[in-house]
Amino acid sequence: MPTVEINVPDHIEMQIAQLVDQGEFLSQEEAIEQLLSAGIKAYKTSGPVEEEGTFEDEGMMGHEDEYVF
């Protein structure tokens, strides 16, 4: 499997760590892999979002601290 290096904002890293701590995923690596896969699948289903803000600025649902995967 290829290795990819990414930089994510601190708040996303904290959310991933929290999901691992809560037992949603076994490791941070597994969480990132599954969340990326789910995001790509959702993107393919719905296509690109044409909104003025970005996900990082407004959250995926338009609220600052709300991210849905």
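About the criteria used
Residues numbered from 1 in each chain as written. Predicted model: local features only at pLDDT ≥ 70, side-chain atom pairs only at ≥ 80, totals over all residues. Heavy atoms only, no water. Helix = DSSP H or I, 4+ residues; strand = E, 2+ residues; numbered from the N terminus. Buried < 20%, exposed > 50% of the residue type's maximum accessible area, 1.4 Å probe, protein only. Contact = heavy atoms within 4.5 Å. Areas by Shrake-Rupley, 256 points an atom, 1.4 Å probe, with all protein chains shown as cover. pLDDT = per-residue confidence, 0-100. Axes fitted to C-alpha atoms, helices over the stretch in contact; angles between N-to-C directions. Parallel < 35°, antiparallel > 145°, perpendicular 65-115°, else oblique. Left-handed = near helix turned anticlockwise from the far one by under 90°. Nonpolar A, V, L, I, M, F, W, Y, C, P; charged D, E, K, R; others polar. 1 Å grid on protein atoms, 1.4 Å probe; cavity = no way out; pocket = protein on both sides within 12 Å on 5 of 7 lines; lining within 4 Å. Points joined across faces, edges and corners; volume = space filled by probe spheres on them.

J.: Tell me about the overall build of the protein, and please be specific about residues and values.
T.: Along the protein, the regular secondary structure elements total 3 helices and 0 strands. The secondary structure elements of the protein, listed N-terminal to C-terminal, are α-α-α. Taking all 69 residues of the protein together, 10% fall into the buried category. In the protein, once contacts between residues fewer than 6 apart in sequence are set aside, the share between residues at least 24 apart is 23%. Carbon and sulfur atoms make up 52% of the accessible area of the protein, which totals about 6100 Å².

J.: Go over the confidence of the model for the protein, please, and point to the residues and values.
T.: Summary statistics for the protein give a mean pLDDT of 80 and a share of 67% for residues scoring 70 or more. Per-residue pLDDT, averaged within each element of the protein, yields its smallest value for helix H3 (residues 55-58) (50) and its largest for helix H1 (residues 10-21) (96). Counting contacts from residues 57-63, a segment whose pLDDT is below 50, to residues more than four positions away or on other chains yields 13 contacts.

J.: Give me the packing of H1 against helix H2 (residues 28-46): which residues, what numbers.
T.: Across the interface, H1 lies against H2 with an axial gap of 9 Å and an inter-helix angle of 110°. With respect to H2, the axis of H1 lies roughly perpendicular. As for how H1 packs across H2, the hand of that crossing is right-handed. Between H1 and H2, the residues in contact are Glu13, Ile16, Leu19 and Val20 and Gln28, Ala31, Ile32 and Leu35, respectively. Classifying every residue of the contact of H1 with H2 gives 6 nonpolar, 1 polar and 1 charged.

J.: How would you summarise the layout of surface pockets if you had to cite specific residues and measurements?
T.: Estimates place the volume of the second largest pocket at around 400 Å³. If you go around the second largest pocket, the residues you meet are Met1, Pro2, Thr3, Val4, Ile6, Glu29, Ile32, Glu33, Leu36 and Ser37. For the lining of the second largest pocket, the per-class residue count stands at 6 nonpolar, 2 polar and 2 charged.

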